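Coordinates in review
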Amino acid sequence: CCDVLQFSTQKQTDRRRGASAAVTLLLLPALLTCGVRCAVPRAKPSNIVLIVTDDQDVVLGGLNPMKKTKDLIGNAGATFVNAFTVTPLCCPSRSSILTGQYPHNHGVRNNSLSGNCSSPQWQKGPESQAFPVFLSKLEYQTFFAGKYLNQYGQKDAGHVGHIPPGWDHWHALVGNSQYYNYSLSVNGKEEKHGDNYGDDYLTDLITNRSLTFLDNRSPQLPFFLLLSPPAPHAPWTAAPQHQKDYADIKAPRDGSFDKPGKDKHWLLRQPANPMTASSLTYLDNAYRKRWQTLASVDDMVEKLVEKLKSIDELNNTYIFYTSDNGYHTGQFSLPIDKRQLYEFDIRVPLLVRGPGIAPNQTVEAPVLNIDLAPTILDICGFNVSLANVDGQSFLSQMAPSLRNGTARPFFLVEHTGEGHLTSDPSCPSLGPGLSQCFPDCVCEDAYNNTYACVRTLDSSQNLQYCEFADSESFVEMYDLKSDPHQLENIVKKVDPSVLQVMNQRLIKLQSCQGQSCRGIQ
């Protein structure tokens, strides 16, 4: 590992020179107006670690197996109980994390290359101004390991030789999440892995290489690590020592589990209800295996915190723990996936510790994954108003002694549905336009599962209003104060004036960009 991680200074310099000229121009005034941490003469800026898991829910108990993570990050800092993704699908969500932008601005619609996932268009545009570019210009030592974007490393996406700007040390998975038998781009060169636990298990490899990086870093400069393990994404391959964990765990049966979606969009009305015994067994196995894969991530967090402590950097390091989207296992009789507008798919875990963050905090203000980039830039002293982001820093929410700020009253969630031009051969009666279909012909997505929602969450309201781009012009609305599991679509019961207000907010949010996304009232 050490040889792999000892990246030449000349390569780092060349890569930084290759970053966008526009970014360089932005940085000049930013450095002149940088914030709290730049004000102290010769003080080294804080280090940052961002851990992004794959498909980890919070609504269905996805943090329950993470005892060490909750103790070492959440109890040592802040737990955000209203954290959301702005789009419940891997590649668009990860693109939002990197850019701080809603999908309608960064242009990534789904997990396919044609949907702009790691496409040449993405690489030339939004990726060139993702937040790691700014960190590199601020002389952060940057390290990435794990899943990047679903199409990363493919032939039509620049193959393994493409290293996104801003990264000094690059260990990116080619394609979608795997635990064994995968390829990495290691600083632009392909590295193939097999099925030997000690050498190849991806979560542990990410852990070990991050620890080696920390041992070999320059102590004089700050560092940024983005660690992206495959867990708990399918195929749910647990490490040998965790394969018998949680033997009695089953998918939770409360809330909307196996409830009919009779008043919802047609995709939610199609599953058979109640679910069959074989389907329930499948869900329970999937749920348990997901937890087993997360046990290795919990071990990762423990080892990382121990290493930071041993090199005397823990007290000067912010650690963020989150996921790209939520997940469902049987809610409204849908089998397993994400992509839907409901709480189980759009809520994500978010735990943060670091300088100025008091321990054992519970933060109720809504925070979005597009807020991660501006928050990280804020911590680094960058003038966030000069970055092209739709999100806002939430440093003030967890460390009010460092920043003043206010919470947003409402926000946007959007998804572009995927489908196939031809019918699924095993389900010919369904016709074309669907995707993610299971053997019993229940499908999780479709072209017309394209929606946009405005979510209002403050002390007085907890509402969700969604419009579908389909032939029905279907609308769903929920009052989550009285109906937290979204069992009843109340669109036909709500005062028309309320619907009008929500519709106007949605229209503004769907076309917002930058400051206008933060200033809508």
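Residues numbered from 1 in each chain as written. Predicted model: local features only at pLDDT ≥ 70, side-chain atom pairs only at ≥ 80, totals over all residues. Heavy atoms only, no water.

For the protein chain, the name recorded in an unreviewed UniProt entry is N-acetylglucosamine-6-sulfatase, with Takifugu rubripes as its organism. You can read under Catalytic activity (unreviewed entry) in the UniProt record for the protein chain the words "Hydrolysis of the 6-sulfate groups of the N-acetyl-D-glucosamine 6-sulfate units of heparan sulfate and keratan sulfate." (UniProt positions renumbered as here; feature names shortened; annotations may be inferred.)

Let us look at the pairing of strand β1 (residues 47-53). When you tally the buried positions in β1, you get seven out of seven residues, the bulk of the element. Burial of β1 is two-sided: the residues Asn47, Val49, Ile51 and Thr53 facing one way and the residues Ile48, Leu50 and Val52 facing the other way are all buried. (Buried < 20%, exposed > 50% of the residue type's maximum accessible area, 1.4 Å probe, protein only. Helix = DSSP H or I, 4+ residues; strand = E, 2+ residues; numbered from the N terminus.)

What follows covers the pattern of salt bridges. Between side chains of opposite charge, pairing is possible as soon as their charged atoms come close. Applying the stated rule across the entire model yields 22 salt bridges. Measuring nitrogen to oxygen at the nearest pair gives 2.5 Å for the salt bridge that ties Arg347 to Glu343. Just as Arg347 is buried, Glu343 falls in that class too. Members of the salt-bridge network, linked through shared partners, are Asp54, Arg94, Lys147 and Asp324. (Salt bridge = Lys/Arg side-chain N within 4 Å of Asp/Glu carboxyl O.)

Further remarks concern helix α10 (residues 202-216). Along its 15 residues, α10 runs 21 Å from first to last C-alpha, staying within 8% of the 21 Å computed at 1.5 Å per residue. Taken residue by residue, α10 has Leu202, Thr203, Asp204, Leu205, Ile206, Thr207, Arg209, Ser210, Leu211, Thr212, Phe213 and Leu214 as its buried positions. (Expected span 1.5 Å × (residues − 1).)

Time to look at the environment of Leu60. By secondary structure assignment, the location of Leu60 is in the loop between β1 and α4 (67-74). As a C-alpha pair, Leu60 and Pro252 span 192 residues in sequence and 6.8 Å in three-dimensional space.

Model confidence for the protein chain is summarised by a mean pLDDT of 92, while 92% of its residues fall at 70 or above. Note that residues 28-41 has pLDDT below 50 and, in this model, 19 contacts with residues that lie over four places away or in other chains. (pLDDT = per-residue confidence, 0-100. Contact = heavy atoms within 4.5 Å.)

Our next topic: the domain arrangement of the protein chain. Splitting the protein chain by domain gives domain 1 (47-408) and domain 2 (420-519). Taken together, the contact pairs 41 residues of domain 1 with 39 residues of domain 2. Where domain 1 abuts domain 2, roughly 3,100 Å² becomes buried across the two surfaces, and 51% of that area is made up of carbon and sulfur atoms. Of all residues in domain 1, His265, Arg339 and Leu341 bury the most surface against domain 2, accounting for 21% of the area lost on that side. There are three salt bridges connecting domain 1 and domain 2. Residues Glu472 and Arg269 are paired through a salt bridge, measuring 3.7 Å at the closest nitrogen-oxygen approach. The tally of links from domain 1 across to domain 2 stands at 26 residue pairs in polar contact (both at pLDDT 80 or more). (Domains from an automatic or database assignment. Buried area = accessible area lost by both parts, 1.4 Å probe. Polar contact = N/O pair within 3.5 Å; in protein donor to acceptor, adjacent residues only side chain to side chain.)

It is worth spelling out the sheet that holds strand β15 (residues 410-415) at this point. Reading across from one edge, β15-β18-β19-β20 is the order of the four strands in this open sheet, with antiparallel pairing throughout. The outermost strands of the open sheet, each flanked by one partner alone, are β15 and β20 (475-479). Adjacent strand axes in the sheet meet at a mean angle of 15°, parallel and antiparallel pairs treated alike. Where strand β18 (residues 451-457) meets strand β19 (residues 462-468), seven bridges bridge the pair, whose relative direction is antiparallel. For Thr456, the partnering residue across the bridge sits in β19 and is Leu463. Across the sheet, helix α16 (residues 496-510) touches β15, β18, β19 and β20, and the angle it forms with β18 is around 115°. (Pairing = 2+ DSSP bridges. Axes fitted to C-alpha atoms, helices over the stretch in contact; angles between N-to-C directions.)

All right, on to the nonpolar core then. The biggest cluster of nonpolar side chains holds 51 residues, and the ones touching the most others in it are Phe80, Phe224 and Phe320. For this core, the element with the highest residue contribution is helix α14 (residues 372-379), accounting for five residues. Not counting the four nearest positions on each side in its chain, Phe80 is found in contact with Leu350, Val352, Val363, Val367, Phe394, Gln397 and Met398. In terms of nonpolar packing, the next biggest core, distinct from the first, is built from 49 residues, Leu268, Leu412, Tyr465 and Cys517 among them. (Core = buried A, V, L, I, M, F, W, Y, C linked by side-chain atoms within 4.5 Å.)

So, about α14. Counting buried residues in α14 gives eight out of eight residues, a clear majority hidden from the surface. Considered for burial, the residues of α14 that qualify are Leu372, Ala373, Pro374, Thr375, Ile376, Leu377, Asp378 and Ile379. Count one or two residues on from α14 and you reach Gly381, which has phi positive near 95°.

The next thing to look at is the UniProt feature "domain: Sulfatase N-terminal" (unreviewed entry) in the protein chain. Look at the UniProt record and you will see "domain: Sulfatase N-terminal" (unreviewed entry) annotated at residues 46-381. From the first C-alpha to the last, residues 46-381 spans 10 Å; its make-up is 31% helix and 17% strand.

It is worth spelling out the state of the cysteines at this point. This model, assessed by the stated rule, comprises five disulfides. Disulfide partner of Cys91: Cys117, at an S-S distance of 2.1 Å. On the sign convention where negative means left-handed, the S-S torsion of about 95° between Cys91 and Cys117 marks this disulfide as right-handed. With Cys91 in helix α5 (residues 90-99) and Cys117 in the loop between α6 (103-106) and α7 (120-124), this residue pair connects regions lying 26 residues apart in the sequence. Across a sulfur-sulfur distance of 2.0 Å, Cys437 and Cys443 are joined as a disulfide pair. Its torsion about the S-S bond being 100°, the disulfide of Cys437 and Cys443 is classed as right-handed. A residue is classified by how much of its surface remains accessible, and Cys437, at 25% relative accessible area, is partly exposed. Residue Cys443 is classed as buried on the basis of its relative accessible area of 0%. (Disulfide = S-S within 2.5 Å.)

The UniProt record annotates "modified residue: 3-oxoalanine (Cys)" (unreviewed entry) at Cys90. Counting through the fold element by element, Cys90 comes out in helix α5. The buried category is assigned to Cys90, whose relative accessible area is 1%. Residue contacts for Cys90: discarding those within four places in its chain leaves Asp54, Asp55, Asn111, Lys147, Asn150, His233, Asp324, Asn325 and Lys338.

Read across the open sheet, the ten strands follow the order β7-β6-β5-β4-β8-β1-β9-β12-β2-β13; overall the sheet is mixed. Each having just a single partner strand, β7 (189-192) and β13 (361-363) make up the two edges of the open sheet. Strand-to-strand, the axes of this sheet are offset by a mean angle of 15°, without reference to chain direction. Sheet analysis places strand β6 (residues 183-186) next to β7, joined by four bridges and oriented antiparallel. Residue Val186 lies in a different strand from β7, and its bridge partner there is Lys189. Seen against the sheet, helix α12 (residues 277-310) touches β1, β8 (223-228), β9 (317-323) and β12 (350-353) and runs at an angle of roughly 175° to β9. Along the sheet, α14 contacts β1, β8, β9 and β12; its crossing angle with β9, the most-contacted strand, is approximately 175°.

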